[in-house]
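Residue strings, one per chain:
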Amino acid sequence: MQLIVCDSYEEMSTKAADIIGALISEKNDCTLGLATGSTPVGTYRELARRCAQQSLSFSKVCTYNLDEYVGLGPDSDQSYVYFMRDNFFSHIDIDLSNTHLPDGLCADIDAECRRYSDALAALSGGLDLQLLGIGINGHIGFNEPDDIFIPDTHCVELTQSTIEANARFFQTPDEVPRRALTMGVRPIMRAKTVLTLVNGAAKAPILKQALQGPITPHVPVSLLQLHENAIFIADREAAALL
Ligand code: F6R
């Protein structure tokens, strides 16, 4: 496991863009696992800037997002499919048909989970790189703290801590959907590289548990201690307790 500590959010975002950019330069048809939330926004902005300067092209890149709220679709500005278009896909030269998210509007949740798991399982060699943020409770994707690790795509009841943390994106906490579809830990652990970004003082306690605590499903991100090529990039505030 590699830990890179940066002075600022901007430096963290630039370093992450460097790693993703280097992968695309080496393999222009690579497959990326992507995250939403506030953490990767700067990375997406920097990658989009490089794409606008034509130093990077996503024209052959394929993406799979971690998760989506149940009940929200592309027309809702709180959905993750909307977030990805707004913050990233509409600013780069990616072919939208190469971008994938679980369908929050699906009629049959079990069938949708199977469909997404099968698509990820069919990737030969798995994702080339999975980009992650972490929740203050240690979740990755919406793999919430639990007694077990769940390998494949599943529907999850969001914890109170996650609902409260994500309420900032909604008008009121009541509007935060209570359920989400999330990739399980199998495709994350199968990714050739897992790049986890962590910034801000609020994440310092969970980053310490993630890197230095026991490997446990009660802190899902701790599983990355077992990954052969896990890179954490943290700003000084997040790394303060290490
Ligand atoms: C987002 C996701 C979540 C976030 C995490 C951190 O797709 O799956 O695990 O990465 O909740 O969110 P932020 O970055 O908003 O602190």
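**Some words on the sheet that holds strand 4 (residues 67-69)**
On the basis of which strands lie adjacent, the open sheet formed by three strands has the order 4-8-7 and antiparallel pairing. Each edge of the sheet is formed by a strand with only one pairing partner; in this case those strands are strand 4 and strand 7 (154-157). Averaged over all adjacent pairs, the angle separating strand axes in this sheet is 25°, with direction ignored. Pairing analysis gives four bridges linking strand 7 to strand 8 (residues 179-182), with the strands arranged antiparallel. Residue pairing across strands places V156 opposite A180, the latter belonging to strand 8. Each of strand 7 and strand 8 is contacted by helix 4 (residues 109-121), which is oriented at about 30° to strand 8, the strand it contacts most.

**Considering helix 2 (residues 41-52)**
Here helix 2 is twelve residues long and its end C-alpha atoms lie 16 Å apart, about the 16 Å a rise of 1.5 Å per residue gives. Counting buried residues in helix 2 gives nine out of twelve residues, a clear majority hidden from the surface. If you check which residues of helix 2 are buried, you get V41, G42, T43, Y44, E46, L47, A48, R50 and C51. For helix 2, the elements touching its buried residues are helix 1 (9-26), strand 2 (31-34), helix 3 (80-87), strand 6 (129-132) and strand 9 (193-198). Following helix 2 by one or two positions, Q54 adopts a phi angle in the positive range, close to 65°.

**Describing the nonpolar core**
If you look at soluble globular proteins, the nonpolar side chains tend to sit buried side by side. Membership of the largest hydrophobic core comes to 45 residues, with the highest contact counts inside it found for L32, F58, F88, L195 and I233. Secondary-structure elements contributing two or more residues to this core are strand 1 (2-6), helix 1, strand 2, helix 2, helix 3, strand 6, strand 9 and strand 10 (230-235). With seven residues, the top contributor of residues to this core is helix 1. In this structure L32 touches I20, L23, I24, F58, V61, C62, T63, Y64, L127 and L129, once residues within four positions along its chain are discounted.

**Overview of the sheet that holds strand 2**
Sheet architecture is open: seven strands sit in the order 1-10-9-6-2-3-5, paired in parallel fashion. The sheet is open, and its two edges are formed by strand 1 and strand 5 (99-100), each paired on a single side. As defined by bridge partners, strand 6 adjoins strand 9 across four bridges and the pair is classed as parallel. Bridge assignment links L132 to a residue of strand 9, and that residue is T196.

Parameters at a glance
- Residues numbered from 1 in each chain as written.
- Predicted model: local features only at pLDDT ≥ 70, side-chain atom pairs only at ≥ 80, totals over all residues.
- Heavy atoms only, no water.
- Pairing = 2+ DSSP bridges.
- Helix = DSSP H or I, 4+ residues; strand = E, 2+ residues; numbered from the N terminus.
- Axes fitted to C-alpha atoms, helices over the stretch in contact; angles between N-to-C directions.
- Contact = heavy atoms within 4.5 Å.
- Expected span 1.5 Å × (residues − 1).
- Buried < 20%, exposed > 50% of the residue type's maximum accessible area, 1.4 Å probe, protein only.
- Core = buried A, V, L, I, M, F, W, Y, C linked by side-chain atoms within 4.5 Å.

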